[in-house]
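Residue strings, one per chain:
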Amino acid sequence: MDQYAHNRERLLTSSRPLPDFEVVGTKGPWLHLASGSRIFDGSSGLLCTNVGQSSPKVHGRIERQFFRYSFGGAAVVQPHIQMELMERLCRAVGRPDDYVALTTCGTLGVEVAIGLARSITRMRDGKRRGDILTSTLSYHGMSALTLALAGNQARKPRPEDALGIGPGFPAPYPPTHPHDERGCNASCADEIANEIDRRGPENVAAVLIEPVNGTTGGAFVPPDGYLQRVSEICQERDVLVLHDEVLTGMWRTGTPLASQHWEACEPDIVILSKGLGAGYTSVGAVLVSPEAGQWLRNEGADPLPAMGTMAAHPLMAAACLGVLDELEAIDLPALPERGQRLGQSLKTLSGTGPVRDVRGLGFLYGVEVTPGTLWPLMRAAEERGVFFYPFTGAGDPRSEGLVVAPPLISTDGDLGFLTAALTDAVEAVG
Ligand SMILES: Cc1ncc(COP(=O)(O)O)c(C=O)c1O
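As the structure is a prediction and not an experimental result, all values here were calculated from the model.

Looking now at the sheet that holds strand β2 (residues 30-33). Within the open sheet, the four strands sit side by side as β1-β2-β3-β12. Their pairing is mixed. The sheet is open, and its two edges are formed by β1 (23-27) and β12 (386-387), each paired on a single side. Note that strand β3 (residues 38-41) and β12 share two bridges and pair parallel. Counterpart to F40 in the pairing with β12 is V386.

Written as structure tokens, this is what we have:
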């Protein structure tokens, strides 16, 4: 019996009906319920609990820092633990010399990245350079600015509240680009060149893009060569490339960064969040390449945009170091192959029952279903011991489906359980 059932409406955090299961304990990727049963976390919570829950390593790090000092903003005490995190994170994701801004969540990471990009291009070029281009199928956060900028169909603000801005180019995905992943020569990236040229490159600071689509379209993967072409187009025009890896970063797609699946598309700025705090802490990190970052310390540069009270909290840094400890204990080089195996078994569902398509990479898949069947399928999966995250994309009617994104610490047995339960649920929904 839920003692709060009568006033659920007052908690304004989710538009979807609140789940009915009460969790009384966790172990890795499993949640133990008040009913005595357990349920598998098939979506890593909100795509974040990458190393599972109840980690003694994370707990130990937070506890040690708590008793050393629990608050110490970088402006009042030496930010040792934040520096330790910066060094370790940059090495872990293969960008050892980057400048780093720490923020309190993914949304603020994106906002800070936008501020830094504008600052960098204006210092460098002395020009207007303010525009930020995003794609028509994208999500970059929940603030007024990021909602207005992005092409999220479900959470779009009313036109009168959209600050006069909006997405700048069509996403290389259905329904705008109904080609399959391999059949395209990536010429759709030229739409970005056209838009920059239409606005005048001197007015554009950056292109902001999710290297692999997250929850808006359901894990669409760009055509080979697309991200490289985007980088070339931007370089030719002195426009910065910002990769929003809030969801896809930290090995979610099998590699430290999703962009590392392709050659020659390293961004100037990358934003990390979900898998970095891994659900233990709210956090965002903005990594800026040395070439771009050097402009931020020039005399006359704008004030840094990441100076919030909680921006670089020591307990947050401690938790992230614990997450990195956990990640180090995983066989990371084996992740791409394990992810591929997961993808292969999920892809056998494509075309069966309500399943229209399965796409994705590593430990991130979108299972698109016939409109109207999403919620029955979610329920059927939960009854079989696994939950997922829903997505709604673009089109009319809007595409919909499940995001399948188990924690990276899942065993082969766990992944087998997940696919068997989903297969059974798909059959039941028919
Ligand atoms: C790609 C992407 N960018 C930004 C965000 C915003 O992050 P947060 O919810 O931590 O503010 C999200 C969250 O889902 C996301 O998926």
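Packing of helix α2 (residues 56-68) against helix α10 (residues 314-328) brings their axes to within 8 Å, and their N-to-C directions diverge by 150 degrees. Taken together, α2 and α10 sit at an angle that is classed as roughly antiparallel. In this structure, α2 meets α10 at a crossing whose hand is right-handed. Residues K57, V58, G60, R61, I62, Q65 and F66 of α2 touch α10, and the partners they reach there are P314, L315, A318, A319, L321, G322, V323, D325 and E326. In terms of residue class, the contact of α2 with α10 is built from nine nonpolar, three polar and four charged.

Quick look at the domain arrangement of the protein chain now. The domains assigned to the protein chain are domain 1 (5-54 + 331-429) and domain 2 (57-328). In this assembly, 31 residues from domain 1 lie in contact with 30 residues from domain 2. Looking at the side of domain 1 that touches domain 2, the elements that each hand over two or more residues are α1 (44-47), α11 (335-347), β10 (355-361), β11 (364-369), β13 (389-392) and β14 (400-404). Counting residues per element, the side of domain 1 that touches domain 2 draws most heavily on β11, at four residues. Looking at side-chain class alone, the side of domain 1 that touches domain 2 contains 16 nonpolar, twelve polar and three charged residues.

Conventions we followed
- Residues numbered from 1 in each chain as written.
- Predicted model: local features only at pLDDT ≥ 70, side-chain atom pairs only at ≥ 80, totals over all residues.
- Pairing = 2+ DSSP bridges.
- Helix = DSSP H or I, 4+ residues; strand = E, 2+ residues; numbered from the N terminus.
- Axes fitted to C-alpha atoms, helices over the stretch in contact; angles between N-to-C directions.
- Parallel < 35°, antiparallel > 145°, perpendicular 65-115°, else oblique.
- Left-handed = near helix turned anticlockwise from the far one by under 90°.
- Contact = placed C-beta atoms within 7 Å.
- Nonpolar A, V, L, I, M, F, W, Y, C, P; charged D, E, K, R; others polar.
- Domains from an automatic or database assignment.

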